[in-house]
Amino acid sequence: MSNPKDYTVGWIYAVTTEYVAARAFLDKNHEGPEYVSHRDNNTYTLGKVGKHNVVVAVLPGGEYGTTSAGGVARDMLHSFPNVRIGLMVGIGGGAPSRKHDIRLGDIVISSTRDGKGSVFQYNYGKMIQDQTFQHTGFLDQPPTLLRTAVNGLRAQYEEEGHRLEDAINKILETNQRLRQKYKRPGPRSDRLYKSGIIHPRNSEDSCTDICGDDPSNLIYRHERTEDEDNLAIHYGLIASANQLMKDATVRDTLANEHDVLCFEMEAAGLMNHFPCLVIRGICDYSDSHKNKEWQGYAAMAVAAYAEDLLCQIPPTRVEAEKRINDIVSSS
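Cut-offs applied
- Residues numbered from 1 in each chain as written.
- Predicted model: local features only at pLDDT ≥ 70, side-chain atom pairs only at ≥ 80, totals over all residues.
- Heavy atoms only, no water.
- Helix = DSSP H or I, 4+ residues; strand = E, 2+ residues; numbered from the N terminus.
- Buried < 20%, exposed > 50% of the residue type's maximum accessible area, 1.4 Å probe, protein only.
- Contact = heavy atoms within 4.5 Å.
- Areas by Shrake-Rupley, 256 points an atom, 1.4 Å probe, with all protein chains shown as cover.
- Axes fitted to C-alpha atoms, helices over the stretch in contact; angles between N-to-C directions.
- Parallel < 35°, antiparallel > 145°, perpendicular 65-115°, else oblique.
- Left-handed = near helix turned anticlockwise from the far one by under 90°.
- Nonpolar A, V, L, I, M, F, W, Y, C, P; charged D, E, K, R; others polar.
- Phe/Tyr/Trp six-rings, centres within 6.5 Å; stacked < 30°, edge-to-face > 60°.
- Lys NZ or Arg CZ within 6 Å of the ring centre and 35° of its normal.
- UniProt positions renumbered as here; feature names shortened; annotations may be inferred.

Participant: Account for the overall build of the protein chain, naming residues and giving values.
Facilitator: Of the regular secondary structure elements, the protein chain holds 10 helices and 12 strands. Residue burial in the protein chain is summarised as follows: out of 331 residues, 53% are buried. A separation threshold of at least 6 residues defines the contact pool for the protein chain, and within that pool the share at least 24 residues apart is 77%. Carbon and sulfur atoms make up 45% of the accessible area of the protein chain, which totals about 16,200 Å².

What follows is the structure, encoded as structure tokens:
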């Protein structure tokens, strides 16, 4: 059995699809922990990524949102007291705009802009008479070590390109059971509808059948060229709340006002109590149109990025960081 004190990196996932992708990218699997706290309700996968011992946890089935994510993080720290850096890795909804050509399968990394936090709690703020709702929910930044590693990897990718798709394909060749659900879907399934085109409420039919691919309903985007990565990586603000964003009008408003790139449901429950980097794979466009086809591939993409990122960080740098328990208790 594994000693919980040996693990310094904590990964948290929201859904099973993300968890399966994470497990696939572990370089080595370890036996379960020899001890967990009586206050800990999590189930763990332990393993090695590069030279780092990593503990992986997923939210309880059917539970989503900031509260559940915060509970998983707290329980993890009860049983794995030496965790020093955290990663929140999973799928999210994109906020494409003229400024940011975000597409399905792309990755968004939580990054600081204009001195503000990298995660924005968009349902947190204040109402003032005769004024619009004022958002005040910018949360803590990721640890400096992770932000530095992100910039180093970003420079490497810009110079050499990334090999994330090659890494995904290698996993799928090794484990063919995952291929159908986790391979990259065809490009025709990546449709960005105009904000005024709404999927019929309570309809279980697919957008292919109901909303179709009429060019007049879609926002035109050029095909990515050979000089562009098919899987692009974007850096900026991630919006988080305890609700699923499925409104294209609100999406566009927050993207224009705050330069939001992505929407998700867990990070706001973590950042101030479990300092971490948020990494999201884009599986839909935060609108009313259902698209589960891209969830598996998007989960694979962010797991591949997380592996690349950790391999950039020497274990001695992680060990020199304060334990998250100590950071939280002193704040």
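Now, onward.
Participant: Residue-level account of the packing of helix α4 (residues 164–174) against helix α8 (residues 295–310), with values.
Facilitator: Between α4 and α8, the least distance of the axes is 9 Å, while the angle of their chain directions is 115°. Judged by the angle between their axes, α4 and α8 are roughly perpendicular. In terms of crossing hand, the pair formed by α4 and α8 is right-handed. Two secondary-structure elements touch here, α4 through Leu164, Glu165, Ala167, Ile168, Ile171 and Leu172 and α8 through Tyr297, Met300, Ala301, Ala304, Tyr305 and Asp308. Residues that form the contact of α4 with α8 fall into these classes: 10 nonpolar, no polar and 2 charged.

Participant: How would you sum up the packing of aromatic side chains? Please name residues and give values.
Facilitator: Ring pairs (aromatic) are described by centroid distance and by the angle formed between their planes. Scanning the model with the defined rule gives 5 aromatic pairs in all. Positioned above the aromatic ring of Tyr19, the side-chain terminus of Arg23 is 5.9 Å from the ring centre.

Participant: Any details on the environment of Thr8? Residues and values, ideally.
Facilitator: Inspection of the secondary structure assignment puts Thr8 in the segment before β1 (9–13). Each C-alpha atom, one on Thr8 and one on Glu321, is 9.5 Å from the other, the two residues being 313 residues apart in sequence.

Participant: If you had to explain the UniProt feature "coiled-coil region" (unreviewed entry) in the protein chain to someone new, which residues and values would you point to?
Facilitator: The positions that UniProt labels "coiled-coil region" (unreviewed entry) are, in the present scheme, residues 150–181. Between the C-alpha atoms that bound residues 150–181 the distance is 28 Å, and the span itself is 78% helix and 0% strand.

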